Amino acid sequence: MRATVMYGAGDVRIENVPDAIIEDTTDALVRVTQACICGSDLWPYKDLQPGEPARVMGHEAIGIVEAVGADVRTVKAGDLVVMPFAFSDGTCDYCQHGLQTACSHGGFFGNPEVPGAQAEAVRVPLADGTLYPLPVGVDDTLMPSLLTLSDVLGTGHHAAMTARVRPGTTVAVIGDGAVGLCGVIAAKRLRAEQIILLGRHHDRIALARDFGATDVVSERGDEAVERVKELSGGDGVHSVLECVGTEQSILTAVEIARPGAAIGRVGVPHYNAIPQAQPTFYKNLTVGGGPAPARAYLDELLPDILDGTIEPGRVFDRTVDLDGVPDGYRAMNDREAIKVLVKP
Ligand SMILES: [Zn+2]
């Protein structure tokens, strides 16, 4: 089968790889109908070293189940399913508590051990706990929005949940990538009163305003902090959704948080320590977040997509086939595209 293989920074190729097959009795084999390129795929695209093992990329997908192992009970051949970016058994203590990304038997797609979904097909371990059947046809116009349930919508929602967004609160969203934009959707859904987006790209800002952002701050560093404080009444915001993962973004998050605020981190941290230990302490800040249990949020988020309340699929502004994937990486890395949808 054909798949997207990353060999090193900037080196993404479409190649023939061994067919995905059922290896364990709990596996499903899924033919991928929609996949996408994630902002987090851009980290290895920037810094994967040539000596590191190559990997079949992709951790977000919708597809049709082609076959299941002997022990799979909840999905069957022919089902249209969404695949969260982490696989999980659905039965361990963490899964039972809605933290499937900590599953005792789980893991993530798209690394040297578990091939990913930017491919014609993908092997899904622990299919019963992982896959979620969708109640629509394969050609449904909602497909781009449904695809965001794999990762970016669940991740934006996780940022909002861990930042404790409540009705009537003030929220800042750091980052105007697809996750930040979904963070705006999530904050609005949870009825925040003010949603300040920190971002700099005009197309993304326009979309954020459509999604519910009330204010936009395009300054950086100290100026951004001052501007957010001004906009939110002087002291900072109740909730910060940190959707970038750099040292600068976490520093800004800490500085724009008002006393008692919570920060939800969903940008994979590319820093070693949370800055400003003393201000964080004296402001009684809660710093939470981590890999989103996208699987846990499906029941809550799916109905809002089906009835049109939210349209997270608008984050996709380019569609490619497998041959177009390498240029899709380039386009997202160059900020030419917000998020690229892949139809293998
Ligand atoms: Zn589990």
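Residues numbered from 1 in each chain as written. Predicted model: local features only at pLDDT ≥ 70, side-chain atom pairs only at ≥ 80, totals over all residues. Heavy atoms only, no water.

Asks: Before we move on, can you summarise the overall build of the chain with the specific residues and values?
Replies: In terms of regular secondary structure, the chain is built from 12 helices and 18 strands. At 20 Å, the chain has a C-alpha radius of gyration in line with the 20 Å of a compact globule built from 344 residues. In terms of its C-alpha atoms, the chain occupies a principal-axis envelope of roughly 60 × 40 × 35 Å. Split into buried and exposed, the 344 residues of the chain put 56% on the buried side. Within the chain, contacts between residues separated by at least 24 positions form 68% of all contacts whose residues are at least 6 apart in sequence. Element-wise, carbon and sulfur atoms account for 49% of the exposed surface of the chain, whose accessible area totals about 14,100 Å². In the chain, 29 positive and 46 negative side-chain charges are present, and the distance between their average locations comes to 4 Å. (Helix = DSSP H or I, 4+ residues; strand = E, 2+ residues; numbered from the N terminus. Rg over C-alpha atoms; globule rule 2.2 N^0.38 Å. Buried < 20%, exposed > 50% of the residue type's maximum accessible area, 1.4 Å probe, protein only. Contact = heavy atoms within 4.5 Å. Areas by Shrake-Rupley, 256 points an atom, 1.4 Å probe, with all protein chains shown as cover. Lys, Arg positive; Asp, Glu negative; His and termini not counted. Charge placed at Lys NZ, Arg CZ, Asp CG, Glu CD.)

Asks: Outline the environment of Ala77, supporting the account with residue identities and numerical values.
Replies: Considering the arrangement of structural elements, one finds Ala77 in the loop between β5 (61–68) and β6 (80–83). Under the relative-accessibility criterion, Ala77 is labelled partly exposed at 49%. Once the C-alpha coordinates of Ala77 and Glu66 are considered, the two residues, 11 residues apart in sequence, prove to be 4.9 Å apart. If we ignore the near neighbours within four places in the chain, the residues touching Ala77 are Val65 and Glu66.

Asks: So what's going on with the pairing of strand β1 (residues 2–8)? Which residues, and what values?
Replies: Judged by how many residues are buried, β1 sits mostly within the fold: five of seven residues are covered. Sheet topology places β1 next to strand β2 (residues 11–16); six bridges connect them, and they run antiparallel. By the bridge assignment for β2, Arg2 is matched with Asn16. Between β1 and β2, which pair antiparallel and follow one another directly, the connecting turn spans two residues, one of which, Gly10, has a positive phi of 70 degrees. With two bridges joining them, β1 and strand β4 (residues 55–56) adopt antiparallel strand pairing. Within β4, the position partnered with Met6 by the bridge is Arg55. (Pairing = 2+ DSSP bridges.)

Asks: So what's going on with the pattern of salt bridges? Which residues, and what values?
Replies: Scanning all chains against the criterion turns up 19 salt bridges. Across the pair Asp11 and Arg13 runs a salt bridge, and its minimum N-O distance is 2.9 Å. In this structure, Lys76 engages Asp79 in a salt bridge whose closest nitrogen and oxygen atoms are separated by 3.0 Å. Among the residues examined, Lys76 registers a relative accessible area of 53% and is labelled exposed. Here the residues in one salt-bridge network are Arg318, Asp327, Arg330, Asp334 and Glu336, joined through shared partners. (Salt bridge = Lys/Arg side-chain N within 4 Å of Asp/Glu carboxyl O.)

Asks: Please set out a negative patch on the surface residue by residue, giving values where relevant.
Replies: Taken together, the side chains of Glu219, Asp222, Glu223 and Glu226 present a region of like negative charge at the surface. Its location among the elements puts Asp222 in helix α8 (residues 221–231). (Patch = residues over 30% accessible without salt bridge, like charges linked within 9 Å, V, L, I, M, F, W, Y side chains within 5 Å.)

Asks: Residues and numbers for helix α6 (residues 178–189), please.
Replies: The end-to-end C-alpha distance of α6, which contains 12 residues, comes to 16 Å, matching closely the 16 Å that a straight helix rising 1.5 Å per residue would cover. With 10 of 12 residues buried, α6 is to be regarded as a mostly interior element. Among the residues of α6, those classed as buried are Ala178, Val179, Gly180, Leu181, Cys182, Gly183, Val184, Ile185, Ala186 and Ala187. In this structure, the buried side of α6 is in contact with α5 (152–162), β11 (170–174), β12 (194–198), α7 (202–211), β14 (237–242) and β18 (339–342). With its phi angle positive at about 65 degrees, Arg191 sits one or two positions after the end of α6. (Expected span 1.5 Å × (residues − 1).)

Asks: With reference to specific residues and values, describe the coordination of the zinc ion.
Replies: Protein coordination at the zinc ion comes from Asp89 (OD), Cys92 (SG), Cys95 (SG) and Cys103 (SG), with a distance range of 2.1 to 2.3 Å. Of note is the zinc ion, whose four donor atoms meet at the metal with angles of 95 to 118 degrees in an arrangement that counts as tetrahedral. Every donor residue of the zinc ion comes from the same chain, spaced as D-x2-C-x2-C-x7-C. Exposure class is identical for Asp89 and Cys95. Each is buried. (Donors = N, O, S within 2.8 Å, 3.2 Å for Na, K, Ca; no water. Tetrahedral: all angles 85-135°; square planar, octahedral: opposite > 155°, others 65-115°.)

Asks: Quick one: what's the story with unusual backbone geometry, residue by residue and with numbers?
Replies: Trans is the prevailing form of peptide bonds, just as negative phi is the prevailing case for residues other than glycine. Even without a glycine there, the phi angle at Leu126 is positive, about 50 degrees. As for its position among the elements, Leu126 is in the loop between β9 (121–124) and α3 (127–130). Its identity as a non-glycine residue notwithstanding, Gln276 has a phi of 60 degrees, on the positive side. Position of Gln276 relative to the elements: it lies in the loop between β15 (257–265) and α10 (277–282). In this structure Gln276 comes out as partly exposed when scored by relative accessible area, which is 30%.

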